[in-house]
Amino acid sequence: MNIVEVVIIGGGPAGLTAGLYCKRAALETVLIEKGLVGGQIAISKDVENYPGMEEITGFDLAEKMQRQARSFGLDIVQQEVAGIRPGGDRHTVTLADGTAYSARAVILATGSTVRKLGVPGEAEYLGRGVSYCATCDGFFFRGKDVIVVGGGDTAVEEALYLARLARTVRLVHRRSALRASKLLQNRLFEDKRIRVLWDRVVADIAGNDGAVRQVTLEHRMTGERTILSADGVFIFIGSEPNAALLPPGIRRDEWGYVITDEKCETSLPGIFAAGDLRKKYANQIIVAAADGCIAALGAAHYIETRQSSERIPAET
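Asks: I tried to follow the overall build of the chain on my own but got confused; where do I start?
Replies: A count of helices and strands for the chain gives six helices and 17 strands. Buried residues in the chain amount to 49% of all 316 residues. Contacts in the chain between residues at least 24 apart in sequence constitute 58% of all its contacts with a sequence separation of at least 6. If you average the places of the 38 positive and of the 39 negative side-chain charges in the chain, the two averages end up 3 Å apart.

Here it is in structure tokens:
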């Protein structure tokens, strides 16, 4: 059993910021990440809205965050977490390889996962025309016809990116108005290479020879179906919290996001949630980083309070 003060689960902006602040508070801390350190931003092409970083890629920003956290001595373990067992004084985090950590506080920063359409052909053609990352796969659709599904910031950003590569881009949105920021909407409507198809949903994705060839759309008002030829389908319809590791007793909303107090502490004392896993108004890199800071400060206060209550008063 490895004895530490804080275990952070997740190495995205929330987890890395939490690690930085925990180490600055002189807390013995380990961060556990099963995949790419940096999280989703590590696969983002450009980040334009992180204060102080006018021109930077998501990968470079993730690298800077990781390097800064490591410079304060943060221990990062690349391993999968198998389970979390809450305790009264300490919590136990067990890894897939059997390693176990006992910690005063645990910060959950597991993030979220892209939401699927759940239509025929989506799973079958994943990686063969269906994608959830334009900056990852856009190069393969240079000069081809693609469809982007969604109406938020990510969908519009990726449509604009694809417009520089593809022959045609059609943005399919289930409503009659986009949810993206006005700045992005203005860019979208000014781009003549992009056509928006309103009030439509994807009903089916089909192809042949192991690749996407067409998409069936259904009008939400009339039920009319239209078949469009397409070489690629890029889906950006939101995300779902990565909540599989959450111990019983942690309060969540109807969508599965963790409910916390202002210190990012969950309904289980000593267990905190930060980043896209936590219920809040907006999911942005800067918000995730802010959550990480708050969770770390909250964990430090929790640990100090517990230690103070355990001290035996000196004899007089």
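Asks: Even after reading the chapter, I still don't get the sheet that holds strand β9 (residues 145-149), so can you show me in this structure?
Replies: One key point about sheets: their strands pair by backbone hydrogen bonds, in either a parallel or an antiparallel sense. Judged by pairing direction, the sheet is parallel, and its five strands sit side by side in the order β8-β15-β9-β10-β11 without closing on themselves. Looking at which strands have only one partner, the edges of the open sheet turn out to be β8 (130-131) and β11 (194-197). As defined by bridge partners, β9 adjoins strand β10 (residues 168-172) across five bridges and the pair is classed as parallel. Bridging from a neighbouring strand, Val 146 pairs with Val 169 of β10. Lying on the sheet, helix α4 (residues 153-163) is in contact with β9, β10, β11 and β15 (232-235); it crosses β9 at an angle near 170°.

Asks: Before we go on, may I ask you to explain the nonpolar core in this structure?
Replies: Here is a general trend for soluble globular proteins: nonpolar side chains tend to be buried in one another's company. In this structure, Val 6, Leu 61 and Ile 107 are the most contacted members of the largest nonpolar core, which totals 35 residues. Secondary structure elements with two or more residues in this core: β1 (2-9), α1 (13-24), α2 (58-71), β6 (100-108) and α6 (285-310). Top contributing element to this core by residue count: α6, with eight residues. For Val 6, the residues in contact, after removing those within four places along its chain, are Cys 22, Leu 27, Glu 28, Thr 29, Val 30, Ala 103, Ala 105, Ile 107 and Ile 303. Ala 155, Val 169, Leu 171 and Ala 180 belong to the second-largest nonpolar core, a separate cluster that totals 23 residues.

Asks: Before we go on, may I ask you to explain the packing of α4 against helix α5 (residues 182-190) in this structure?
Replies: Two packed helices can be described by the angle between their axes and the distance between those axes. The contact between α4 and α5 brings their axes to 10 Å, and the two run at 35°. Seen from above, α4 lies across α5 with left-handed handedness. Contacts between α4 and α5 involve Asp 153, Val 156, Glu 157, Ala 159 and Leu 160 from the former and Leu 184, Arg 187 and Leu 188 from the latter. Of the residues belonging to the contact of α4 with α5, the class tally is five nonpolar, no polar and three charged.

Asks: Would you mind going over the pattern of salt bridges with me for this structure?
Replies: Note that side chains of opposite charge can pair when their charged atoms are close. Scanning the entire structure with this criterion turns up nine salt bridges. Of the charged contacts in the structure, one is a salt bridge between Arg 306 and Asp 89, with a shortest N-O distance of 3.6 Å. Residue Arg 306 is located in helix α6, and its partner Asp 89 is located in the loop between β4 (81-85) and β5 (91-95); the two are separated by 217 residues in the primary sequence. Given the relative accessible area of 27%, Arg 306 is considered partly exposed. On the accessibility criterion, Asp 89 (33% relative accessible area) is partly exposed. Salt bridges sharing partners connect three or more residues here, namely Asp 89, Arg 104 and Arg 306.

Procedures and definitions
- Residues numbered from 1 in each chain as written.
- Predicted model: local features only at pLDDT ≥ 70, side-chain atom pairs only at ≥ 80, totals over all residues.
- Heavy atoms only, no water.
- Helix = DSSP H or I, 4+ residues; strand = E, 2+ residues; numbered from the N terminus.
- Buried < 20%, exposed > 50% of the residue type's maximum accessible area, 1.4 Å probe, protein only.
- Contact = heavy atoms within 4.5 Å.
- Lys, Arg positive; Asp, Glu negative; His and termini not counted.
- Charge placed at Lys NZ, Arg CZ, Asp CG, Glu CD.
- Pairing = 2+ DSSP bridges.
- Axes fitted to C-alpha atoms, helices over the stretch in contact; angles between N-to-C directions.
- Core = buried A, V, L, I, M, F, W, Y, C linked by side-chain atoms within 4.5 Å.
- Left-handed = near helix turned anticlockwise from the far one by under 90°.
- Nonpolar A, V, L, I, M, F, W, Y, C, P; charged D, E, K, R; others polar.
- Salt bridge = Lys/Arg side-chain N within 4 Å of Asp/Glu carboxyl O.

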